[in-house]
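These are the residues of each chain, in order.
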Amino acid sequence: MEALAARLSMSANTVWRRIKRLQTDGVIARRVALVDPAKVGLDLTVFVTVRTTDHSSEWLEQFGSATQAMPEIMEFYRLAGDTDYLIKLMIRDVADYDRVYKKLIASVPIADVTASFAMETIKNQTALPV
């Protein structure tokens, strides 16, 4: 807080009040600690694309509930285009991927699942460009 206050030429109390207001207003959704995945054994990032033939709200609700229950799923998006859904996994290894894959395909009927394994992280940031 003091480093931010010094950078902004404000008092720490003023910065703290502004941060609390941004939290109350919902601008700051949450504060988190960024953990190095490799240091906790999550060495593999996998991007999974999913296609389905069922686009009902019931299917999405069931699939969404299943994905919420899987802590390995870091991000989950519904897309426009050829791919219906994109999932980002952080896992230990290929065997761990197979375990998650089996849970995923058991949750709802899926037409196609494709996985792409990240070889290297070129850019990964959490700061928004504002």
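Our structure's up above, just so we're on the same page.
An account of the accompanying structure is given in this report. (Residues numbered from 1 in each chain as written. Predicted model: local features only at pLDDT ≥ 70, side-chain atom pairs only at ≥ 80, totals over all residues. Heavy atoms only, no water.)

## Some details on the overall build of the protein chain
Then step 1. Of regular secondary structure, the protein chain possesses 4 helices and 4 strands.
Then step 2. Taken over C-alpha atoms, the radius of gyration comes to 19 Å for the protein chain, far larger than the 14 Å a tight globule of 130 residues would show.
Then step 3. Considered along the principal axes of its C-alpha atoms, the protein chain spans approximately 55 × 35 × 25 Å.
Then step 4. Counting the 130 residues in the protein chain, one finds 23% classified as buried. (Helix = DSSP H or I, 4+ residues; strand = E, 2+ residues; numbered from the N terminus. Rg over C-alpha atoms; globule rule 2.2 N^0.38 Å. Buried < 20%, exposed > 50% of the residue type's maximum accessible area, 1.4 Å probe, protein only.)

## Examining the pairing of strand β1 (residues 44-51)
Side chains on a regular strand alternate between the two faces of the sheet.
Then step 1. For β1 and strand β3 (residues 85-91), the ladder comprises 7 bridges, and the chain directions are antiparallel. If you follow Val50 over to β3, its bridge partner there is Tyr85.
Then step 2. As paired strands, β1 and strand β4 (residues 112-117) are joined by 6 bridges and run antiparallel to one another. Opposite Thr49, over in β4, you have Thr114 as the bridge partner. (Pairing = 2+ DSSP bridges.)

## Side note on helix α4 (residues 94-107)
Then step 1. Between its first and last C-alpha atoms α4 spans 20 Å; for 14 residues at 1.5 Å apiece the expected length is 20 Å, and the two agree.
Then step 2. For α4, every residue scored as buried is listed here: Asp96, Tyr97, Val100, Leu104 and Ser107. Considered in projection along α4, the buried side chains sweep an arc of 100 degrees and stay on one side of the axis. In α4, the exposed positions that point more than 90 degrees away from the buried face belong to Val94, Ala95, Lys102 and Ala106.
Then step 3. Check the buried side of α4 and you find it contacts β1, α3 (57-68), β2 (73-78), β3 and β4. (Expected span 1.5 Å × (residues − 1). Arc of directions from axis to C-beta. Contact = heavy atoms within 4.5 Å.)

## Some points on the pairing of β2
Then step 1. Strand direction decides the pairing type here: β2 and β3, joined by 5 bridges, are antiparallel. Residue Phe76 lies in a different strand from β3, and its bridge partner there is Ile87.
Then step 2. A loop of 6 residues connects β2 with β3, the two strands running antiparallel in sequence, and Gly81 in this loop sits at a positive phi of about 115 degrees.

## Observations regarding the environment of Gly41
Then step 1. Take Gly41: it is sitting in the loop between α2 (12-24) and β1.
Then step 2. According to the relative accessible area criterion, Gly41 is partly exposed, its value standing at 27%.
Then step 3. In this structure the C-alpha to C-alpha distance between Gly41 and Asp93, which are 52 residues apart in sequence, comes to 9.0 Å.

## Section: unusual backbone geometry
Phi is mostly negative for residues that are not glycine, and the peptide bonds are mostly trans.
Then step 1. Phi at Ser9 is positive, roughly 55 degrees, even though this residue is not glycine.
Then step 2. Here Ser9 lies in the loop between α1 (2-8) and α2.
Then step 3. Judged by its relative accessible area of 67%, Ser9 falls in the exposed class.

Function cannot be inferred from these measures alone, as they are strictly geometric.
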